[in-house]
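The chain contents come next:
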Amino acid sequence: MPEAIALRLRTLRDIEGVLGSFVIGERGELLGRDVTAACGSEVLALVGGRLQQLCDAFVSADIGGPFESTTLYFPQYKLHIRALAN
């Protein structure tokens, strides 16, 4: 994992309520992570693929432009998803 990505992800923990973060690539591959050890890289790789499918579904639904962001709500937490340039 590139150190620059890891460093930026660690700074997100300074935000109240942030438990961890991760970055996936255009094909859903895991590029970087800062989450607890309980959530292994293999789990994040599976999640990454599913998140990429979700983002692709938003784009193919043609609901007004490229995908930018969404939030998934769960009983114990929220997962914020945001598209990044490059």
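For the structure, see preceding data.
Residues numbered from 1 in each chain as written. Predicted model: local features only at pLDDT ≥ 70, side-chain atom pairs only at ≥ 80, totals over all residues. Heavy atoms only, no water.

*Asks:* Quick rundown of the pattern of salt bridges? Include the residues and the values.
*Replies:* Tallied over the entire structure, the rule returns two salt bridges. Note that Asp-34 and Arg-13 form a salt bridge whose closest N and O atoms lie 2.8 Å from each other. One end of the pair, Asp-34, is in strand E2 (residues 30-34); the other, Arg-13, is in the loop between helix H1 (3-11) and strand E1 (21-24), with 21 residues separating them in the sequence. Between Arg-27 and Glu-29 there is a salt bridge; the shortest N-O distance is 3.7 Å. Arg-27 sits in the exposed class, given a relative accessible area of 69%. (Salt bridge = Lys/Arg side-chain N within 4 Å of Asp/Glu carboxyl O. Helix = DSSP H or I, 4+ residues; strand = E, 2+ residues; numbered from the N terminus. Buried < 20%, exposed > 50% of the residue type's maximum accessible area, 1.4 Å probe, protein only.)

Function cannot be inferred from these measures alone, as they are strictly geometric.
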